[in-house]
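Structural characterization, general
Each chain is listed here by its residues.
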Amino acid sequence: MEYRATEITSRYLRSRKIPSTACSGCGLGMNHKIVIQAVKELGLEVPDIVWGTSIGCAGRQTFATWKGDGFAGTHGRVYAIARGLRIALPPEKKIILTVGDGDAFGIGLTHLIHSARSNADMTVIVNDNLGYQSTGGQYGWTTPQGSKTDSSPYGMFEHNLMSEGMDVLKILKGAGATFLARHVAMDGAWAVETVKKGILNTGFSLIHMPYPCPTNFGSRELGSRNQVNIFRWIRDHSAPLGEEKEDTFWATGIWHDASNSRPEFSQFVHETVEKIRRTGTI
Amino acid sequence: MKRFLETGNFAITEGAILAGCRFFAGYPITPATELAEAMSFRLPQEGGVYLQAEDETAAMHMCIGASLGGYKAMTATSGPGFILYADPYGWALGCETPLVVLNSGRVGPVSGITGAPGQGEFYLTRYPTQGGNFEAICLAPNSAQECMAMTVEAFYLSERFRMPVTVLADQLITDGFEDISVPENEEEMKKMGFRTWSRKIHQGPDFYPATDEIDIPPVVLGHNTGALCSDWTPTEEGYDIEEVEAHHKHAYRLIYKVRNHRDLFNHHYDKKFMDDDPDLIVVSYGTPSRVVNTAVSKARDEGLKVGALRLINLWPFPDEFFGAKTKYLAVELNWDGQLVREVQRAVPKDSEVHFLGSCGDLPTIPDLIETFEKVLKDEPLARKGWKLEAW
């Protein structure tokens, strides 16, 4: 199949990696497009951003897609690497991380919380395919309760970070994140506006973006790999904040916007170091 | 030259600063905490950044991030933290990221005794991560002064080989107070044999050459070179790939860039009474080597033809020092015998290799001399009621 590059892909993405090797019908490309569209609308260029990715579907499929400098961390650790990198990079360089739900909310949650705590300038896009799909489809920490997956054949019955009134964004708000939002992949232009705000925050921003996985999650939970089913299912279980219904899993929109309300990690550290160097005290 | 009565941790801090280190991330752990404390005091004075991490895994990953951004970076820990470095250590090896890691050994396994020296990570410094297909570099000082020298040397090697380098000390070396001379300028550094290498920035998007070449600048992000690095098998351009042939090239490089440049390591060792083909060569590194040196001198006074070989470059292991077909005794701070296995591998066929270990304590000079005598007379070894097999 011939692939025709659009203006946006040839400007920002590597032709070698686009289209990606994701499964047919995967919704990750919609999330990816939302982020790249936001970058474009902000007028940012390739040298302005260092792109980091993680392990799993979201990490592997987005690694090296960005035309500029990029890296992929070991599972869950990219938030710690990004903090070290933040210290070394000039403040005007943006760090965008496209990661998965297992990476951010499972193995990497400690590092994520500490990145929020320190308000390190990075925009974390958590592409949530509702579990560990690249390993075949096991439940994760945001998988809706009751879902059937390969490791929850009777339905996922554990308490998790999205069950019974719990929300992972509340944890991150408590930890000090300065921008938090949630969108599903079908939110389109609305999500682009939110991602733009996240990137513009000089501090820790996280946008949680559930997207459809027809191959594993869809086939186990809905009994079909039909893409339309899982797309509908995700859309029907999401609603804008304040308009939630009983069966809403994902309340979408900006959860918390305290952009630029407290000092950014690396700038604060460098200013303090400079003061110590000059005066011997803080 | 400035002189101090200070600890090994102080010496490592000064050595790191002399080598150009301006980033340290660590997690408090006895007996490496004092190094983190010294760094938190000294680095800001030099315009450098000290960060306390949420755990050891994060500490080394933060160093990776800083190194990827162009800083010379270092972290320090003890055994229980070193095992948590396994994850980032592998990343730094695979992505050829220069870093220095200090491990101040205490007696284990697990938390063990926090305040007693141990040498339980001999093989862990050779295999600090999973997966294989790499060589590791490890230096083992035995004094505070040498801690400084080996820290400088570790930064030098890490830049030239594009890889993390471990400095393996132990609790007595990093916590002990000793006379330390700190050079104040480049001329004094040269006089003391310190070698330095400045950070260079890779100008191309290509990630690695499929050769054993060294002195290739590491990947530095943020310069818009289009550089890529990841934990997956890389293509020469840095793309991830699931392909055996690409992995062969990568593995070849990680192994042979070190193996084929061994001339860079050879001059780091210490010999005593080794010129007259001794009947027994006592092999050690780190703290026990100081006791061994004294014991060997005394044994010579008593007419025993004993020599001491102290290793400083532990990895790659200096096989070339083990050419003599004679008796060997490995003295180390563990009871399971780690160094001794490697000595046994390196010696000529049919050489005798013996082992004297201690576990949280140090061998005494009379103990050592008694052991030398027994080995020389082919008598079985035993110590403190524990029957130790001859290896």
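What counts and how
Residues numbered from 1 in each chain as written. Chains lettered and ligands numbered in written order. Predicted model: local features only at pLDDT ≥ 70, side-chain atom pairs only at ≥ 80, totals over all residues. Heavy atoms only, no water. Helix = DSSP H or I, 4+ residues; strand = E, 2+ residues; numbered from the N terminus. Rg over C-alpha atoms; globule rule 2.2 N^0.38 Å. Buried < 20%, exposed > 50% of the residue type's maximum accessible area, 1.4 Å probe, protein only. Areas by Shrake-Rupley, 256 points an atom, 1.4 Å probe, with all protein chains shown as cover. Lys, Arg positive; Asp, Glu negative; His and termini not counted. Charge placed at Lys NZ, Arg CZ, Asp CG, Glu CD. Domains from an automatic or database assignment. Contact = heavy atoms within 4.5 Å. Buried area = accessible area lost by both parts, 1.4 Å probe. Salt bridge = Lys/Arg side-chain N within 4 Å of Asp/Glu carboxyl O. Nonpolar A, V, L, I, M, F, W, Y, C, P; charged D, E, K, R; others polar. Phe/Tyr/Trp six-rings, centres within 6.5 Å; stacked < 30°, edge-to-face > 60°. Lys NZ or Arg CZ within 6 Å of the ring centre and 35° of its normal. Core = buried A, V, L, I, M, F, W, Y, C linked by side-chain atoms within 4.5 Å. Pairing = 2+ DSSP bridges. Axes fitted to C-alpha atoms, helices over the stretch in contact; angles between N-to-C directions. Right-handed = clockwise from strand over helix to strand, strands pointing away. Arc of directions from axis to C-beta. Polar contact = N/O pair within 3.5 Å; in protein donor to acceptor, adjacent residues only side chain to side chain. Parallel < 35°, antiparallel > 145°, perpendicular 65-115°, else oblique. Left-handed = near helix turned anticlockwise from the far one by under 90°.

Turning to the overall build of chain A, a few remarks are in order. If you tally the helices and strands in chain A, you get 11 helices and eight strands. Scaling as 2.2 N^0.38, a compact globule of 282 residues should have a C-alpha radius of gyration of about 19 Å, and chain A matches this with 19 Å. By principal-axis analysis of the C-alpha atoms, chain A measures approximately 65 × 45 × 35 Å. When the 282 residues of chain A are sorted by exposure, 58% land in the buried category. Surface exposure of chain A reaches about 11200 Å², of which carbon and sulfur atoms provide 54%. Put simply, chain A has 30 plus and 27 minus side-chain charges, and the middle of one group is 5 Å from the middle of the other.

Below, the discussion takes up the domain arrangement of chain B. All names here are of chain B. Segmenting chain B into domains produces domain 1 (2-191) and domain 2 (271-387). Taken over C-alpha atoms, the centre of domain 1 sits 27 Å from the centre of domain 2. Across the contact, 27 residues belong to domain 1 and 24 residues belong to domain 2. When the buried area of domain 1 at its contact with domain 2 is split by residue, Gln119, Phe122 and Asn142 rank highest and sum to 36% of it. One can count two salt bridges joining domain 1 with domain 2. Here Arg310 and Glu146 are joined by a salt bridge, their closest N and O atoms 2.8 Å apart. Looking at the side of domain 1 that touches domain 2, the elements that each hand over two or more residues are strand E6 (113-117), helix H6 (122-126), strand E7 (137-139), helix H7 (144-161), strand E8 (164-170) and helix H8 (171-175). Here the side of domain 1 that touches domain 2 gets four residues from one element, more than from any other, and that element is H6. Partitioned by chemical class, the residues of the side of domain 1 that touches domain 2 number 15 nonpolar, six polar and six charged.

Okay, the packing of aromatic side chains next. Following the criterion strictly, the structure yields 28 aromatic pairs over all chains and no others. With a centroid separation of 6.5 Å and an interplanar angle of 80 degrees, the aromatic rings of Tyr132(A) and Trp141(A) are classed as edge-to-face. Ring geometry for Phe82(B) and Tyr89(B): centres 6.3 Å apart, planes at 75 degrees, overall edge-to-face. The pair Phe82(B) / Tyr89(B) is uniform in exposure class, with both members buried. An aromatic cluster of three or more residues is present, and its members are Phe122(B), Tyr123(B), Tyr285(B), Trp315(B), Phe317(B), Phe322(B) and Tyr328(B). Positioned above the aromatic ring of Tyr127(B) is the side chain of Arg126(B), whose terminal nitrogen or guanidinium carbon lies 4.3 Å from the ring centre.

The subject of this paragraph is the nonpolar core. Within the largest apolar cluster, 123 residues are counted, with the highest numbers of intra-cluster contacts made by Leu97(A), Leu112(A), Val124(A), Phe23(B) and Met74(B). In terms of residue count, the dominant contributor to this core is H7(B) (11 residues). Residues in contact with Phe23(B), not counting those within four places in the same chain, are Gly84(A), Ile87(A), Leu43(B), Val49(B), Leu51(B), Met62(B), Cys63(B), Ala66(B), Tyr71(B), Lys72(B), Ala73(B) and Met74(B).

Let us look at the sheet that holds strand E6 (residues 204-210) of chain A. Pairing is mixed across the open sheet formed by nine strands, whose spatial order is E7(A)-E8(A)-E5(A)-E6(A)-E4(A)-E3(A)-E1(A)-E2(A)-E10(B). Both outer strands of the open sheet, strand E7 (238-240) of chain A together with strand E10 (228-229) of chain B, are each paired with one neighbouring strand and no more. For strand E1 (residues 49-53) of chain A and strand E3 (residues 94-100) of chain A, the ladder comprises five bridges, and the chain directions are parallel. Bridging from a neighbouring strand, Val50(A) pairs with Ile95(A) of E3(A). Contacts from helix H4 (residues 78-88) of chain A reach E1, strand E2 (70-72), E3 and strand E4 (122-128) of chain A within the one sheet, and its direction differs from that of E3(A) by about 175 degrees.

All names here are of chain B. Residue position: Phe273 is located in the loop between strand E11 (269-272) and strand E12 (280-284). For Phe273, a relative accessible area of 35% puts it in the partly exposed group. Note: C-alpha distance between Phe273 and Leu304 (31 residues apart in sequence) is 11 Å. Excluding anything up to four places from it in sequence, Phe273 contacts Pro278, Val296, Ser297, Arg300, Val306 and Gly307.

This model, assessed by the stated rule, comprises 39 salt bridges over all chains. With a closest N to O distance of 2.9 Å, Glu45(A) and Arg11(A) form a salt bridge. Within this pair, whereas Glu45(A) is found in the loop between helix H2 (28-41) and E1, its partner Arg11(A) is found in helix H1 (residues 7-12), the two being separated by 34 residues in sequence. By relative accessible area, Glu45(A) is classed as partly exposed at 35%. Accessibility expressed as a relative area gives 26% for Arg11(A), which makes it partly exposed. Here Glu135(B) ties to Arg259(B) by a salt bridge, and the two come within 2.6 Å at their closest N and O atoms.

All names here are of chain B. Counting buried positions along strand E16 (residues 352-357) yields five of six residues, so the element is predominantly enclosed. The pairing of strand E15 (residues 327-332) with E16 spans six bridges and is parallel. Among the inter-strand pairings, Lys327 is bridged to a residue of E16, identified as Glu352. Note that the unit made of E15, helix H12 (residues 339-346) and E16 has a crossover that is right-handed.

Bringing helix H10 (residues 227-236) of chain A into the picture now. Residue and element names in this part refer to chain A. Residues of H10 that are buried: Ile230, Trp233 and Ile234. Taken around the axis of H10, the buried residues stretch over an arc of 95 degrees, which confines them to a single face. In this fold, the buried residues of H10 make contact with helix H9 (214-222), E7 and strand E8 (250-257). The opening residue of H10, the one whose side-chain oxygen lies 2.9 Å from the backbone nitrogen of Val228, is Asn226.

The subject of this paragraph is the packing of H4(A) against helix H11 (residues 265-279) of chain A. Residues and elements named next belong to chain A. For the pair H4 and H11, the least separation of the axes is 9 Å and the interaxial angle reads 50 degrees. It follows from the interaxial angle that H4 and H11 lie oblique. When the axes of H4 and H11 are compared, the crossing they make is right-handed. Counting all contacts with H4, which are made through Arg83, Arg86 and Ile87, the residues of H11 involved are Phe265, Ser266, Val269 and His270. Of the residues that constitute the contact of H4 with H11, the class distribution is three nonpolar, two polar and two charged.

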